[in-house]
Amino acid sequence: MHFSIPETETRAGDGGAAYVLRKEYGANVVPAFPPKKIFTLTPAEVEQRREQLEKYMQAVRQDPTLGVSETFNSFLRKAQQETQQIPTEEVVLEVLLSNGQKVKVTILTSDQTEDVLEAVASKLDLPDDLIGYFSLFLVRETKDGAFSFVRKLQEFELPYVSVTSLHNSEFRIILRKSYWDSSYDDDVMEHRVGLNLLYAQTVSDIEHGWIVVNKEQHRQLKSLQEKVSKKEFIRLAQTLKYYGYLKFDPCVTDFPEKGCHVVVSAGNNELNFQVRLPNEQIKEGSFKVTRMRCWRVTSSVPMSNGPSGSSPSEVKLELAFEYLMSKDRLQWVTITSPQAIMLSICLQSMVDELMVKKSGSSIRKMFRRRANGALRRSDSQQAVKSPPLLDSPDASREPMAKLSSKLTSVSLRGISHSSSANDVGSNDFHGNYAFEGIGDEDL
């Protein structure tokens, strides 16, 4: 999110908000706010400040206590709009569907994520009780037409401000389902609009290679497409590898050895690794979220060897989780990726979903409109267009070997603490409540 805090807001705003939050939740819960320089910032310093604040807000949002604090969220909402000097006015915002279809909604610049989500749902005629199954994501469009996920838009964000302040047409807002358990597809498919959205997303994921399809499966899927058998198409897709996964950009891991290039996908209550070893061999393995004792995200700026006053080095983000490799052996696994916070949010949402299911509850929830946030409902509705027929499967994709979960080449290690002022929550571990229920039969 592009924003920094004005000077007057810094003294009265973030100080006041931080004071109230520390008083309410304790100083150990609320991380220190990124410091602001007194003098006018150079363009490079403004960008560095923006990155620090973006990481700060995403990190704070991972704390379930602070995430629901109206004091904190109200402060962040106000800061976004005031810093970008965007007045409250009616605007048209473009939101993409998975099939590339554009949905234009009339909103206020001050509308929050759930306001915009409701406006999109209204335009598509999606029932209120299905809105909770979908979320808005900030993505960056790649050259091949796919999307790189930047983050899930948080409740306190102003989507119009978030996307326009980036000043880059490659950044878009996209609507996707927000749950992991494919059994919830049944709820979504009860309504024609939910079915169309899920169908469009499934076709898109297959086209971009996120879902693995062999020639026979591809033939069956195309036949179902030609018959417009959308439910049957989704049912078949549910049986395919990586259905419902989010695929992340290539990054680096220390598993099974330091410096390995990896493509990480999140889904089915696991992180899937497709690792390219130093000998160029590709192996695959998965880390179940129920075996992660805890995880944390660290950020740091490498020390620069350049002259004083040179441009700052790029912020490095790492996600590390402590994994139960065997009954009595825990081991740290680290992923170095600009999308580390997004990965952490995925893990947390998987755990939340598991705990809801364990308690016997359901994620089905009515969308509650705030009394002070009534939106203007559009008079005209927009249908979800059916995507084109699938292209032939890519035969050039490399087969993967299984990565043994018993590998002993990785030693137990923690993450080195950052001494940088850019460090966000380096001491904050995300405890995994779902880990506590593991028994010998699960190993």
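This report concerns the structure included in the present document.

Thresholds, definitions, all that
- Within every chain, residues take consecutive numbers counted from 1 along the sequence as written.
- Residue-level local features of this predicted model are given only where pLDDT is at least 70; pairs of side-chain atoms are given and counted only at 80 or more, and the full residue set underlies all totals for whole chains, interfaces and linings.
- Excluded from the side-chain calculations are hydrogens and water; all other atoms, namely the structure's heavy atoms, are used.
- A 1.4 Å probe rolled over the protein chains alone gives each residue an accessible area, and that area as a share of the maximum for its type sets the label: buried under 20%, exposed over 50%, partly exposed in between.
- A run of DSSP states H or I qualifies as a helix once it reaches four residues; a run of E qualifies as a strand once it reaches two. Both are numbered from the N-terminal end.
- Strands pair, by our definition, only if DSSP identifies at least two bridges between them.
- Computed over the protein atoms alone on a 1 Å grid, cavities are sets of points where a 1.4 Å probe fits but cannot get out and pockets are open sets with protein on both sides within 12 Å along at least five of seven lines; a residue lines them when it has an atom within 4 Å of a point.
- Grid points are joined across faces, edges and corners, and a volume is the space filled by probe spheres set on the points.
- Ten residues, namely Ala, Val, Leu, Ile, Met, Phe, Trp, Tyr, Cys and Pro, are considered nonpolar, four, namely Asp, Glu, Lys and Arg, are considered charged, and the remaining ones, Gly among them, are considered polar.
- Any carboxyl oxygen of Asp or Glu that lies within 4 Å of a side-chain nitrogen of Lys or Arg is treated as forming a salt bridge with it.
- Here, residues are in contact when the closest pair of their heavy atoms is within 4.5 Å.
- Side-chain atoms within 4.5 Å link the members of a nonpolar core, which is a set of buried Ala, Val, Leu, Ile, Met, Phe, Trp, Tyr and Cys residues.
- A helix is expected to span 1.5 Å multiplied by its residue count minus one.
- As used here, the arc is the angular range of directions from the helix axis to the C-beta atoms.
- Here a polar contact means two N or O atoms within 3.5 Å. Within protein one must be a hydrogen donor candidate and the other an acceptor candidate, and residues neighboring in sequence count only if both atoms are side-chain atoms.

This part takes up the pairing of strand S8 (residues 260-267). Counting buried positions over the eight residues of S8 gives seven, a clear majority of the element. Sheet topology places strand S6 (residues 246-247) next to S8; two bridges connect them, and they run antiparallel. Bridged to Leu 246 within S8 is Ala 266. Summarising the sheet, strand S7 (residues 251-253) and S8 pair through three bridges and their orientation is antiparallel. By the bridge assignment for S8, Thr 253 is matched with Cys 260. Counted between consecutive antiparallel strands, the loop separating S7 from S8 contains six residues, among which Gly 259 sits at a positive phi close to 85 degrees. Here S8 pairs with strand S9 (residues 270-276) via seven bridges, running antiparallel. Within S9, the residue paired with Val 264 across the bridge is Phe 273. Here S8 folds back onto S9 in antiparallel fashion, the turn holding two residues, of which Asn 268 has a positive phi close to 50 degrees.

What follows covers empty space enclosed by the protein. This structure, assessed with the given rule, holds four cavities of 30 Å³ or more. Looking at the lining of the largest cavity, the elements that each hand over two or more residues are strand S3 (134-141), strand S5 (171-177) and helix H11 (340-358). In terms of residues, the lining of the largest cavity owes the most to one element, H11, which gives four residues. Class assignment for the residues of the lining of the largest cavity results in seven nonpolar, five polar and three charged.

Take the pattern of salt bridges next. When the charged atoms of two side chains with opposite charge come close together, those side chains can pair. Following the criterion strictly, the structure yields 15 salt bridges and no others. Salt-bridge contacts for Asp 185 lead to Lys 177; the nearest nitrogen and oxygen are separated by 3.4 Å. The exposure class of Lys 177 is buried, given its relative accessible area of 8%. For the salt bridge of Arg 276 with Glu 280, the shortest nitrogen-to-oxygen distance reads 3.2 Å. Three or more residues are tied together by salt bridges with common partners; here these are Glu 94, Glu 141 and Arg 172.

Moving on to the side chain of Asn 196. When you line up the elements, Asn 196 lands in helix H8 (residues 192-207). The buried category is assigned to Asn 196, whose relative accessible area is 14%. In this view, Asn 196 contacts Lys 230 and Val 384; residues no more than four positions away in its chain are not counted.

Core analysis: the largest hydrophobic core is formed by 54 residues, its most contacted members being Leu 93, Leu 124, Leu 175 and Leu 197. What Leu 175 contacts, discounting residues up to four positions off in sequence, is Val 95, Leu 96, Leu 97, Ser 98, Leu 117, Val 120, Leu 124, Phe 134, Ser 135, Leu 136 and Leu 197. Ranked by size, the runner-up nonpolar core spans 41 residues in total, among them Trp 180, Val 262, Phe 287 and Met 292.

Bringing the environment of Pro 250 into the picture now. Secondary-structure assignment places Pro 250 in the loop between S6 and S7. C-alpha of Pro 250 to C-alpha of Val 264: the two residues are 14 residues apart in sequence and 7.2 Å apart in space. Discounting residues that sit within four places of it in the chain, Pro 250 has contacts with Val 262 and Val 263.

What follows is about helix H9 (residues 215-226). Compared with the 16 Å implied by 1.5 Å per residue over 12 residues, the 16 Å span of H9 between its first and last C-alpha is a close match. Those residues of H9 that fall on the buried side of the exposure criterion are His 218, Leu 221, Leu 224 and Gln 225. In a view along the axis of H9, the buried residues occupy a sector of 125 degrees, so they form one face of it. Opposite the packed face of H9, turned more than 90 degrees from it, sit the exposed residues Lys 215 and Glu 226. Packing partners of the buried residues in H9 comprise H8 and helix H10 (230-238). The backbone nitrogen of Glu 216 lies 3.2 Å from a side-chain oxygen of the residue at the head of H9, namely Asn 214.

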